[in-house]
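Here is what each chain is made of, one letter per residue.
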Amino acid sequence: MNITIVGTGYVGLVTGTTLAELGNSVYCVDIDEKKVEGMKNGVVPIYEPNLEEMFLRNIQAERLFFTTNLKEALDKSEVIYLALPTPPGEDGSADLSYVLKVAADIGEMMTEYKVIVNKSTVPVGTADRVTEVISSKTKIRFDVVSNPEFLREGLAVEDSMNPARVVVGSSSEKAKDIMAKIYQPFTNIGIPIIFMDEKSSELTKYASNSFLAVKITFMNEIANYCEKVGADVDKVRLGMGSDDRIGHRFLFPGIGYGGSCFPKDVKALIKSGQDENFNFQILEATENVNVSQKVILISEIEKYFGGNLEGKTIAVWGLAFKANTDDIREASSLDNIRLLLEKGAKVIAYDSIAERNVQKVIGDKIQYAKSMYEAVENADALFIATEWPEFKNPNFSLMAKKMKNKVIFDGRNMYPLEIPQQNGFYYKSIGRKTIHN
Ligand SMILES: NC(=O)c1ccc[n+]([C@@H]2O[C@H](COP(=O)([O-])OP(=O)(O)OC[C@H]3O[C@@H](n4cnc5c(N)ncnc54)[C@H](O)[C@@H]3O)[C@@H](O)[C@H]2O)c1
Ligand SMILES: O=c1ccn([C@@H]2O[C@H](COP(=O)(O)OP(=O)(O)O[C@H]3O[C@H](CO)[C@@H](O)[C@H](O)[C@H]3O)[C@@H](O)[C@H]2O)c(=O)[nH]1
């Protein structure tokens, strides 16, 4: 099938490449000329493991194309996916201006039947709004389908090639048939395609992300309580997770959830509720707990240094909002770095993948190290903000030699307690006993 993808960010580019891999001809459209030019020359604009090989293979096979010209792509395709940003507005609501603008453009440009598939995360009722906008521009028949995306950054290729499920919201039999054809390679290997109405599909996305955010936040509160009563959250987590009604996944406590989705989508669902005079109490609590959880270690760092961080050098390992991505949107590292700087500390950070993006927002307010060991040179303490695999088994003896103090604040519970203990480190993590050297 010939398919257009509008927006080539994390979702659009991965979806486009996956659909090309499944044999379709895919035309990727973006307004960012530099990005399009780069992609035409084989440059993947984001860091996403395993994407480049598939991307290059499909360009080579002439199934994956890039353009800034929406009309040109539209004319070649029956199905148009929208993978456009829906950032939070001032009041937390999802900003639909990108989606509605492209909908209007499609309405003006289309000359025959099209299926418009919305992959962006959008509030309930958006399919109706997109339909209204396109209808105001054309008399030609079209269908709007809701097809939310559930991929995780860092695992996007794996998630897209082997999704847990595909959700399709549509009230048109014709559009449903077309979507069933596109996803037939998945049905073939037992991946369920769950058809429903547009509104339920739109809400499934927010409900899934919000549920996971609540699950993480619940564990963060259990972790904080563990510290009060002397329990160990790692043990509690294993005990709870072994019940398959609960499961082990998304029970890892830490310095809060970040990224481009959970914070934004929890806020947007709260706002959508308010618009209907509905109070999402559990989500409001989740949002509030997460804001304080992100910087929960700062007061511990201050306490350790007698309430004064002026002139202290804090090494930060990890800047991305989680491992295996270059994305720093709503990353906990940034909240912590800002607070450390406000309190007069000097920050030297290491993250070889996300550094480039952090340079753009924080610039030279902090120093950047070329290696994890260079970062800790003469540091008064190390703060671990992202669970990159290379931090999993560090050379503690080397760190001990380089650091001014053997002190670690670990926002990701990277080490079993006996490891820093055996190496003589002070070690403060989340929901576990503090190791004093
Ligand atoms: N990032 C994720 O992991 C993820 C996962 C599931 C769902 N989502 C949702 O998918 C949507 C897209 O997210 P993303 O992270 O891929 O965004 P992104 O910011 O990475 O990419 C969006 C792209 O759209 C392009 N764009 C903007 N206006 C355009 C226009 N008029 N025409 C063509 N291109 C245009 C931008 O240049 C950019 O390349 C959002 O609604 C998000 O909530 C994201
Ligand atoms: O046990 C856990 C799991 C995750 N996190 C944090 O939660 C955030 C989100 O993590 P993750 O869900 O792995 O990353 P995303 O790429 O943001 O993916 C989420 O957001 C996407 C965008 O909507 C959805 O498509 C995915 O299904 C959903 O998992 C990160 O800050 C993680 O550090 C924890 O603190 N503890």
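This write-up is about the structure you can find in this document. What you see is a predicted model, and the numbers here were worked out from it, not measured in a lab.

Further remarks concern the pattern of salt bridges. Summed over the entire model, instances satisfying the criterion amount to 27 salt bridges. The closest approach of N and O atoms between Arg57 and Glu21, which form a salt bridge, is 2.8 Å. Of this pair, Arg57 sits in helix 3 (residues 51–60) while Glu21 sits in helix 1 (residues 10–21), placing them 36 residues apart in sequence. Judged by relative accessible area, which is 25%, Glu21 ranks as partly exposed. A salt bridge links Glu300 to Lys303, with the nearest nitrogen and oxygen atoms 3.5 Å apart. Separated by 3 residues within a single helix, Glu300 and Lys303 lie in helix 14 (residues 296–304), roughly one turn from each other. The buried category is assigned to Glu300, whose relative accessible area is 18%.

Here we take up the site of ligand 2. In the vicinity of ligand 2 there are 19 residues, among which Phe150, Leu151, Lys205, Asn209 and Cys261 approach most closely. At 2.8 Å from a nitrogen atom of ligand 2 is found a main-chain nitrogen or oxygen belonging to Phe252. The fraction of the free accessible surface of ligand 2 (690 Å²) that becomes covered by protein chains is 90%. If you tally residues by element for the shell around ligand 2, the top one is helix 10 (residues 198–229), at 3 residues. Of the residues in the shell around ligand 2, the class split is 10 nonpolar, 2 polar and 7 charged.

Analysis parameters
Residues numbered from 1 in each chain as written. Chains lettered and ligands numbered in written order. Predicted model: local features only at pLDDT ≥ 70, side-chain atom pairs only at ≥ 80, totals over all residues. Heavy atoms only, no water. Salt bridge = Lys/Arg side-chain N within 4 Å of Asp/Glu carboxyl O. Helix = DSSP H or I, 4+ residues; strand = E, 2+ residues; numbered from the N terminus. Buried < 20%, exposed > 50% of the residue type's maximum accessible area, 1.4 Å probe, protein only. Near = heavy atom within 4 Å. Polar contact = N/O pair within 3.5 Å; in protein donor to acceptor, adjacent residues only side chain to side chain. Areas by Shrake-Rupley, 256 points an atom, 1.4 Å probe, with all protein chains shown as cover. Nonpolar A, V, L, I, M, F, W, Y, C, P; charged D, E, K, R; others polar.

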